[in-house]
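Tertiary structure, described
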Amino acid sequence: MAHIIDGKAIARTIRSEVAEQVRLIVNRNQRKPGLNLLLVGEDSASNIYVRNKSKDCEQVGIASVVQRLPADVTEEQVLDIIEQWNADKNVDGILVQLPLPRHIDEHRVIRTIDPLKDVDGFHPISAGNLMIGIDGFIPCTPAGVLELLKRSNIDPSGMHAVVVGRSNIVGKPLSMLLAQKRPQGNATVTICHTGTKDLIEYTRSADLLVAAIGRAQAITREHVKEGAVVIDVGINRIPTPSGDAMVGDVDYASVFDVVSAITPVPGGVGPMTRAMLLTNTLRAYHGLQK
Ligand code: GUN
């Protein structure tokens, strides 16, 4: 029987730890940590994500401000707001929800965020720090995966970790973290992607398999080795006779009897991504010193 890695419960524990830290700050009569979120346009998924992030903040005592802008806002107006937030001492973290409308240069917007407030870990300085192993902001999903492993007593050291997916938000940073000589690292890492020939050959040799593909139930029983640890980063909606269902990139039912541990969808990596935004905001508050 596989161990089900309960991301929902672990995320709850992390939120209560953050809430306790914020309580200690407030009890010392110090300013609360603050996260400012920028949402451009009307994308309904982005709207829900931002609302949830803001709700999470309120729940743990972090002050959050959501600035909503119409889809036809100019790039200069977006940059102006970020500059104002960079200069505002009450703003510890800045998050610009992606994607942005096509006429706005996403990279330019991210580069404008003060790297000390880059709680998403998307700034090239954050990416560079991660690459060379300097403490900085780690994007929330890879950070959440490492925290899940840590709190489940799964040590990737010496394992063959296969990461399927090479996105800037998940696959690339997570591969780098798993390979580094540090806790929750020291694995031998293979990155697979759409150009990989014979994916199964790689995934079947994985002790730790991370699916960050973006395709529903793409990893099936034939892809996994007996006893492997499987981390499912996917969030996909599929139609079923009783309405839409949310499934991961892993065919959970087909691999469940073969693997030693697995994250469910929902209730695995997703809640951890949200929780790590709170810990990153607390780290920003402390100037990355804690
Ligand atoms: N859009 C999808 N995922 C993310 C995320 O983690 N951060 C931001 N800012 N936008 C996103």
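As the structure is a computational prediction, the values presented were derived from the model and not from experiment. (Residues numbered from 1 in each chain as written. Predicted model: local features only at pLDDT ≥ 70, side-chain atom pairs only at ≥ 80, totals over all residues. Heavy atoms only, no water.)

1. Examining the site of the ligand
Counted only if it meets this: One heavy atom within 4 Å of a molecule or strand is enough for the residue carrying it to be called near that molecule or strand. What qualifies as a polar contact is a pair of N or O atoms within 3.5 Å, subject to a donor-acceptor requirement within protein and to the restriction that residues adjacent in sequence count only when both atoms come from side chains. Note on areas: Shrake-Rupley, 1.4 Å probe, and residue coverage restricted to the protein chains presented here. Basically, the charged four are Asp, Glu, Lys and Arg, the nonpolar ten are Ala, Val, Leu, Ile, Met, Phe, Trp, Tyr, Cys and Pro, and anything else, Gly included, counts as polar.
The full set of residues close to the ligand is Lys53, Leu95, Val96, Gln97, Leu98, Asp120 and Phe122. At 2.7 Å, a backbone N or O of Val96 approaches a nitrogen atom of the ligand. The separation between a nitrogen atom of the ligand and a polar side-chain atom of Asp120 is 2.6 Å. Protein contacts shield 76% of the accessible area of the ligand, which totals 280 Å² for the unbound molecule. Across the shell around the ligand, the residue classes break down as four nonpolar, one polar and two charged.

2. Some words on helix H10 (residues 269-285)
Which entries qualify depends on this criterion: Where helices and strands are cited, they refer to DSSP runs of H or I of at least four residues and of E of at least two residues respectively, numbered from the N terminus. In a helix, the anticipated span is given by 1.5 Å times the number of residues less one. For every residue, the accessible area obtained with a 1.4 Å probe (protein chains only) is divided by the maximum for its type, and the residue is called buried under 20%, exposed over 50%, and partly exposed between those limits.
The first and last C-alpha atoms of H10 sit 25 Å apart over 17 residues, in line with the 24 Å expected at 1.5 Å per residue. Counting buried positions over the 17 residues of H10 gives 14, a clear majority of the element. Positive phi shows up at Gly287, right after H10, with a value of about 60°.

3. Brief notes about helix H6 (residues 140-151)
Heads up, the rule is: Residue contacts are counted whenever heavy atoms from the two residues lie within 4.5 Å of one another.
With twelve residues, H6 ought to run about 16 Å at 1.5 Å a step, and its terminal C-alpha atoms sit 16 Å apart, in line with that. Most of H6 is tucked away, with ten of its twelve residues classed as buried. Where H6 is buried, its residues meet helix H1 (7-27), helix H7 (171-179), strand S7 (208-211), strand S8 (229-232) and H10. Of the residues one or two after H6, Asn153 is the one with positive phi, at around 55°.

4. A short note on the side chain of Thr112
Here Thr112 lies in helix H4 (residues 106-112). For Thr112, a relative accessible area of 18% gives the class buried. If we ignore the near neighbours within four places in the chain, the residues touching Thr112 are Leu79, Ile82, Glu83 and Asn86.

5. Quick word on the packing of aromatic side chains
Going by this rule: Only Phe, Tyr and Trp rings take part, Trp by its six-membered ring, and two of them pair if their centres are within 6.5 Å. Stacked means planes under 30 degrees apart, edge-to-face means over 60, and tilted covers everything else.
Going through the model one piece at a time under the given rule, you end up with one aromatic pair. Both rings, one in Tyr252 and one in Phe256, keep their centres 5.4 Å apart while their planes meet at 40°; by these two values the pair is tilted. Looking at Tyr252, the relative accessible area reads 28%, which means it is partly exposed.

6. So, the pairing of strand S9 (residues 236-240)
Stated precisely, the cut-off is as follows: At least two DSSP bridges between two strands are needed for those strands to be called paired.
Pairing analysis gives five bridges linking S9 to strand S10 (residues 243-247), with the strands arranged antiparallel. Across the sheet, Arg237 pairs through a bridge with Met246, a residue of S10. Between S9 and S10, which pair antiparallel in sequence order, lie two residues.

7. Some details on the state of the cysteines
Which entries qualify depends on this criterion: Here, a disulfide means two cysteine sulfur atoms that sit within 2.5 Å of each other.
One pass over the structure, following the stated rule, counts zero disulfides. As a non-bridged cysteine, Cys140 has Cys57 as the owner of its nearest cysteine sulfur, 11 Å distant.

8. Some details on a nonpolar patch on the surface
Formally: Exposure above 30% relative accessible area and the lack of any salt bridge qualify a residue for a patch; like charges then connect within 9 Å, and the nonpolar side chains Val, Leu, Ile, Met, Phe, Trp and Tyr within 5 Å. Think of a salt bridge as a Lys or Arg side-chain nitrogen and an Asp or Glu carboxyl oxygen that are within 4 Å of each other.
A contiguous nonpolar patch, built from Met131, Ile132 and Ile134 and spanning about 330 Å² of accessible area, is present on the exposed surface. Along the chain, Met131 falls in helix H5 (residues 124-132). Taking relative accessible area as the criterion, Met131 reaches 51% and is therefore assigned exposed.

9. Section: the pattern of salt bridges
Any two side chains of opposite charge can pair, so long as their charged atoms come close to each other. A complete count under the given rule lists eight salt bridges for this structure. With a shortest N-O distance of 2.8 Å, Glu17 and Arg151 are connected by a salt bridge. Residue Glu17 is found in helix H1, and its partner Arg151 is found in helix H6; the two are separated by 134 residues along the sequence. For Asp207, the salt bridge is made with Lys225, and the minimal N-O distance between the two is 2.7 Å. Here Lys225 lies in the loop between S7 and S8 and Asp207 lies in the loop between helix H8 (199-203) and S7, a separation of 18 residues in the sequence. One salt-bridge network, held together by shared partners, links Glu17, Glu147 and Arg151.

10. Thoughts on unusual backbone geometry
In this structure, Pro99 follows Leu98 across a cis peptide bond, with omega equal to 0°. Within the fold, Pro99 resides in the loop between strand S4 (93-96) and H4. The amide bond that connects Val265 to the next residue, Pro266, takes the cis arrangement and shows omega of -5°. With respect to the helices, strands and loops of the structure, Pro266 is situated in the loop between strand S11 (261-262) and H10. We note that Asn29 has phi near 60°; this positive angle belongs to a residue other than glycine. Inspection of the secondary structure assignment puts Asn29 in the loop between H1 and strand S2 (34-40). One non-glycine residue with positive phi stands out, namely Leu288, at about 65°.

11. Considerations on the nonpolar core
Where we set the bar: Here, nonpolar core means buried Ala, Val, Leu, Ile, Met, Phe, Trp, Tyr and Cys residues that are tied together by side-chain atoms lying within 4.5 Å of each other.
Counting residues in each nonpolar core, the largest one holds 52 residues, and the members touching the most others are Leu178, Leu208 and Ile231. With nine residues, the top contributor of residues to this core is H10. Discounting chain neighbours no more than four positions away, the residues touching Leu178 are Leu146, Leu149, Pro156, Ala161, Val163, Gln184, Gly185, Asn186, Ala187, Val189, Leu208 and Val210. In terms of nonpolar packing, the next biggest core, distinct from the first, is built from 18 residues, Val78, Ile82, Val91 and Leu100 among them.

Just distances and angles here, no functional claims.
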